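# Tertiary structure, described
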Amino acid sequence: MDEETWDAVVIGGGAGGLATALTLARSRRRVLVVDAGEPRNAPADGVHNYLGREGTPPGELTAIGRAEVGGYGGVVRPARVVSASAAPEGGFALGLESDEYGDPAGALRARRVVLATGVVDELPDVTGLRERWGRDVLHCPYCHGWEVRDRRVGVLATSPLALHHVGLMRQLTDDVVLLLNDAFVPERHAADELDARGVEVVPGVVSAVEVADDALRGVRLADGTVVGLDALLVPTVARARADVARLLGLAPTEQWMGEALLGEVIEVDARGETAVPGVWAVGNVADLRATVIASAASGTAVAAHLNADLVAEDGRLAVLAHRDGSPAFWERFYADRDQVWSGRVNAVLGAVGEGLEPGTALDLGAGEGGDALWLAGRGWKVTAVDVAQTACERITERAGGSGRGERSDGEGRSVRTERHDLTETFPDGTFDLVSAQYLHSPSSDFPRTAILRRAAEAVAPGGTLLVVGHGRLAPWSWDPTLRMATAPEVLASLDLDDGAWDVVRCESPERSATGPDGQEATITDEIVQVRKRS
């Protein structure tokens, strides 16, 4: 299977994971559920307290959920996630061990990941206990208490929290036995309450369960005493299935009630998102109290928040795609406002230009001509180049020249505009100064290095190439996540002959900047100034 990309990959196919996938699939998201087939409730006869599905066998509920997800275009794949990491280009890279046929299942890309891996019940070390788990050895009075009502039920203490479970079971039967199992000694008030409610208290360590005719008959204590029972309630420590969470940089957090360890979860915020942006969690892996219906409800809620997060990202990506760096984009860019730039010379060019003898200059990406007009005012004969015809026309208008974009004051000082898409064409001739001030594009495919190499070729002997670009971007930039080249990287990319060029300046100074809405930020300029030997 080739690498696949999904809007969301849900890891875990229980009620929480399937409800998440169903909600996302109904929003026409491309969603995949990866399920290792190890549901916590597999041994149970039925799912309870699930309105409309009361008593449904867990496997049947799962099959219904899978069919519903598939009906809306979601995919459920039997497999196990064995690798997970943040992808350099964004989102996450996941690796699967195998599919249901045992064949390699390949690599996945996910914009978002949902952990619905559930928990594992940590049982006391009692012989035969696990074999009866989910049948007549139970963990939740709400989930299974009704089924053992009016019978003789033991509560196996693992902490003082057993007193709470005794109280819950006492609502369902008059015959409750508290097996202390050396876990704690009831305080006087608790002992009085147990006695008042007719709860039998049995000291000693429980070593094994007694079974006959495939039914629980009681428990055996370490001293050989057998306590007869019809069912056994065991408050467990529920530990998050956190293998994938750890791969993604998330560690589970222990949950305590007083001195009693309840288990551990992956912590989430009110929306269900973890501390790792883009990773969400639903069901028991995030909430130990969640029953099946609560897990399904959390899946629906988390899916809505996750989808809203994707909607916001879709909008940002659409804007970035619209900003494709094409000539049409730049025409729109200038047409949106009567004036985009300040009209002032860029500071670095101004400082460098003051120390140079005027001659011919090439201004690449001239915009509305702030640099070109400043140079012309100091005696330079300037060719101003931009991809947008609107920008060229604004330079001409500001220069007070002809429609050809020329301005001359009779002393040889002039500005001439030429429209070039520098990805395809370049001005003819050589120049005493070639300036590329913030020659960037919102397109990641913009061949800036190739253009700057061509700019170096256009420098006349004795001339200067000055390149100034963005380093650390401001938050209001087109895409502040883009990594811009540093000054040493720009210099290296020019591939200049050391014997033909002198490096005058290669540095990355910081400066303060103010955004369009008055935001303040510290940004970095990347400055490369080289001189071609005569």
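Attention here is on the structure that accompanies the text.

Rules of the game
Residues numbered from 1 in each chain as written. Predicted model: local features only at pLDDT ≥ 70, side-chain atom pairs only at ≥ 80, totals over all residues. Heavy atoms only, no water. Helix = DSSP H or I, 4+ residues; strand = E, 2+ residues; numbered from the N terminus. Rg over C-alpha atoms; globule rule 2.2 N^0.38 Å. Buried < 20%, exposed > 50% of the residue type's maximum accessible area, 1.4 Å probe, protein only. Contact = heavy atoms within 4.5 Å. Areas by Shrake-Rupley, 256 points an atom, 1.4 Å probe, with all protein chains shown as cover. Lys, Arg positive; Asp, Glu negative; His and termini not counted. Charge placed at Lys NZ, Arg CZ, Asp CG, Glu CD. Pairing = 2+ DSSP bridges. Axes fitted to C-alpha atoms, helices over the stretch in contact; angles between N-to-C directions. Core = buried A, V, L, I, M, F, W, Y, C linked by side-chain atoms within 4.5 Å. Right-handed = clockwise from strand over helix to strand, strands pointing away. Phe/Tyr/Trp six-rings, centres within 6.5 Å; stacked < 30°, edge-to-face > 60°.

### Some thoughts on the overall build of the chain
The helix and strand tally for the chain stands at 13 helices and 28 strands. Against the compact-globule benchmark of 24 Å for 534 residues, the chain has a radius of gyration of 36 Å, which places it well outside the compact range. Seen through its C-alpha atoms, the chain measures out along the principal axes to roughly 115 × 45 × 40 Å. Expressed as a percentage of its 534 residues, the buried residues of the chain come to 47%. Sequence separation of 24 or more characterises 62% of the internal contacts of the chain that already satisfy a separation of 6 or more. Taken as a whole, the chain presents about 25,800 Å² of accessible surface, with 49% of it coming from carbon and sulfur. Taking the 52 positively charged and 80 negatively charged side chains of the chain as two groups, their mean positions are separated by 4 Å.

### Description of the sheet that holds strand β13 (residues 215-221)
If you trace the three strands from one edge of the open sheet to the other, you get β12-β13-β14, paired in antiparallel fashion. The sheet terminates laterally at β12 (206-212) and β14 (226-228), the two strands that pair on one side only. The mean angle between the axes of side-by-side strands here comes to 30°, regardless of whether they run parallel or antiparallel. Examined bridge by bridge, β13 and β14 share three bridges and lie antiparallel to one another. Bridge pairing in β14 links Val219 to Val227.

### Notes on the nonpolar core
Grouped together as the largest cluster of nonpolar side chains are 27 residues, with contacts concentrated most on Val9, Val34, Leu108, Val113, Leu115 and Val279. Secondary structure elements with two or more residues in this core: β1 (4-11), β2 (31-35), β4 (81-86), β5 (92-96), β6 (107-115), α6 (243-247) and β19 (279-281). Take this core: its biggest share by element is four residues, from β6. Within the second largest apolar cluster, 24 residues are counted, among which are Phe426, Val434, Ala436 and Leu465.

### A look at unusual backbone geometry
Despite not being glycine, Arg28 shows a phi value in the positive range, around 65°. Inspection of the secondary structure puts Arg28 in the loop between α1 (15-26) and β2. The exposure class of Arg28 is exposed, given its relative accessible area of 80%. Notably, Asp150 is not glycine yet its phi reads approximately 60°, a positive angle. As for its placement among the helices and strands, Asp150 is situated in the loop between α3 (141-144) and β9 (153-156). Judged by relative accessible area, which is 64%, Asp150 ranks as exposed.

### What to know about the pairing of strand β10 (residues 176-179)
Here β10 shows no split at all, with Val176 and Leu178 on one side and Val177 and Leu179 on the other all buried. Of the pairings in the sheet, the one linking β9 to β10 comprises four bridges and is parallel in character. Paired with Gly154 across the two strands is Val177, which belongs to β10. Following the chain from β9 across helix α4 (residues 162-170) to the adjacent parallel β10, one finds a crossover that is right-handed. As paired elements, β10 and strand β11 (residues 200-202) share three bridges and run parallel to each other. Along β11, the bridge assignment pairs Val177 with Glu200. Once the chain exits β10 it traverses helix α5 (residues 188-196) before rejoining the sheet at β11, and the crossover so formed is right-handed.

### Some words on the packing of aromatic side chains
Evaluation of the coordinates by the stated rule reveals five aromatic pairs. With centroids separated by 5.1 Å and ring planes inclined at 75°, the aromatic side chains of Trp330 and Phe333 adopt a geometry described as edge-to-face. In this pair, Trp330 and Phe333 both sit in helix α8 (residues 327-335), three residues apart, roughly one turn of the helix. By relative accessible area, Trp330 is classed as buried at 11%. Consider the rings of Phe333 and Tyr334, whose centres lie 5.2 Å apart with planes at 90°: the pair is edge-to-face. As far as the burial class goes, Phe333 and Tyr334 line up, both buried. Chaining the aromatic ring pairs together yields one cluster made of Phe329, Trp330, Phe333, Tyr334 and Trp341.

### Here we look at the pairing of β2
Among the five residues that make up β2, five are buried, leaving the element largely enclosed by the rest of the structure. Every second residue of β2 is oriented toward a common face, with Val31, Val33 and Asp35 on one face and Leu32 and Val34 on the other, all of them buried. Sheet analysis places β1 next to β2, joined by four bridges and oriented parallel. Within β2, the residue paired with Val10 across the bridge is Val33. Handedness of the crossover is the feature at issue here: the chain leaves β1, passes through α1, returns alongside β2, and the resulting connection is right-handed. Bridge count between β2 and strand β3 (residues 75-78): four bridges; the pairing is parallel. Residue pairing in the sheet places Leu32 in a bridge with Val75 of β3.

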